[in-house]
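Summary of structural features
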Amino acid sequence: MAMFLLVTLSASQMASSLRPHAGLGLGTCRPSGYLPGRSGNCEKSNDPDCCEDGKMYPQYRCSPPVTDSTKAVLTLNSFEKGKDGGGPSECDNAYHSDEEKVVALSTGWFSNMARCGHRIKITANGNSVYAKVVDECDSVEGCDEDHNFEPPCDNNIVDASPAVWDALGLDQNVGMVDISWSEE
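Residues numbered from 1 in each chain as written. Predicted model: local features only at pLDDT ≥ 70, side-chain atom pairs only at ≥ 80, totals over all residues. Heavy atoms only, no water.

Identification of the protein as Ripening-related protein 5 from Miscanthus lutarioriparius is taken from an unreviewed UniProt entry. As stated in UniProt under Subcellular location (unreviewed entry), the record for the protein gives "Secreted". Here the protein is described in UniProt, under the heading Sequence similarities (unreviewed entry), as follows: "Belongs to the kiwellin family." (UniProt positions renumbered as here; feature names shortened; annotations may be inferred.)

Here is the structure:
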């Protein structure tokens, strides 16, 4: 009986996190919890948001549905050792040069490594580029050394290397740009 109740509650929590918010549309996911912030040694090479002690950050286990033109926010991230990307990439346990066209996807889109190694097409301002998925932009965990003391990612992030930004002709100083992406 206890196991049935636990499974039922888990399914209910998962379903409620996928219910649309008022005015946000079908398939929008809600926070699954909140992470209390903890500041630390946040490497600031790409002007990241760094965690603040005690601030509560939303956590997401889901992302909006993937379509043939999925709306997202492009953020800037270095995948090089010692830069703001934190540890090695989850897909291959390696670091990647800022000259490589690589990305990290929010937790829901990363889908437990199911998109590792896949190429995605990113479109912004009429320009497109292909990039390889090498990491997760963690939407659940953060505010620790493994995550450069940055908060969890939002649920709609494509975190891209400087090479992706350059190929799209984007100004890296902007830091965030509305894009769309699709699977190759």
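What follows picks up the thread again.
The next point concerns a negative patch on the surface. Together, D47, D49, E52 and D53 line one region of the surface with negative charge. In this fold, E52 is placed in the loop between β1 (33–36) and β2 (56–59). (Patch = residues over 30% accessible without salt bridge, like charges linked within 9 Å, V, L, I, M, F, W, Y side chains within 5 Å. Areas by Shrake-Rupley, 256 points an atom, 1.4 Å probe, with all protein chains shown as cover. Salt bridge = Lys/Arg side-chain N within 4 Å of Asp/Glu carboxyl O. Lys, Arg positive; Asp, Glu negative; His and termini not counted. Charge placed at Lys NZ, Arg CZ, Asp CG, Glu CD. Helix = DSSP H or I, 4+ residues; strand = E, 2+ residues; numbered from the N terminus.)

With glycine set apart, most residues show a phi of negative sign, and most peptide bonds adopt trans. Unusually for a residue other than glycine, C143 sits at a positive phi of about 60°. Look at C143 and you get buried, because its relative accessible area is 3%. Phi angles above zero are rare outside glycine, and N148 is one such case at about 55°. For N148, the location among the structural elements is in the loop between β6 (127–137) and β7 (157–160). Look at N148 and you get buried, because its relative accessible area is 6%. (Buried < 20%, exposed > 50% of the residue type's maximum accessible area, 1.4 Å probe, protein only.)

Our next topic: the state of the cysteines. Throughout the structure, instances matching the rule amount to 5 disulfides. Note that C29 is cross-linked by a disulfide to C62, the S-S spacing being 2.4 Å. Judged by the torsion about the S-S bond (110°), the C29/C62 disulfide is right-handed. One end of the pair, C29, is in the loop between α1 (2–18) and β1; the other, C62, is in the loop between β2 and β3 (70–76), and 33 residues separate them in sequence. Residue classification places C29 among the buried positions, given a relative accessible area of 4%. Judged by relative accessible area, C62 falls into the buried class, the value being 8%. Across a sulfur-sulfur distance of 2.1 Å, C51 and C143 are joined as a disulfide pair. Of note, the bridge from C51 to C143 carries an S-S torsion of about -85° and is left-handed in sense. (Disulfide = S-S within 2.5 Å.)

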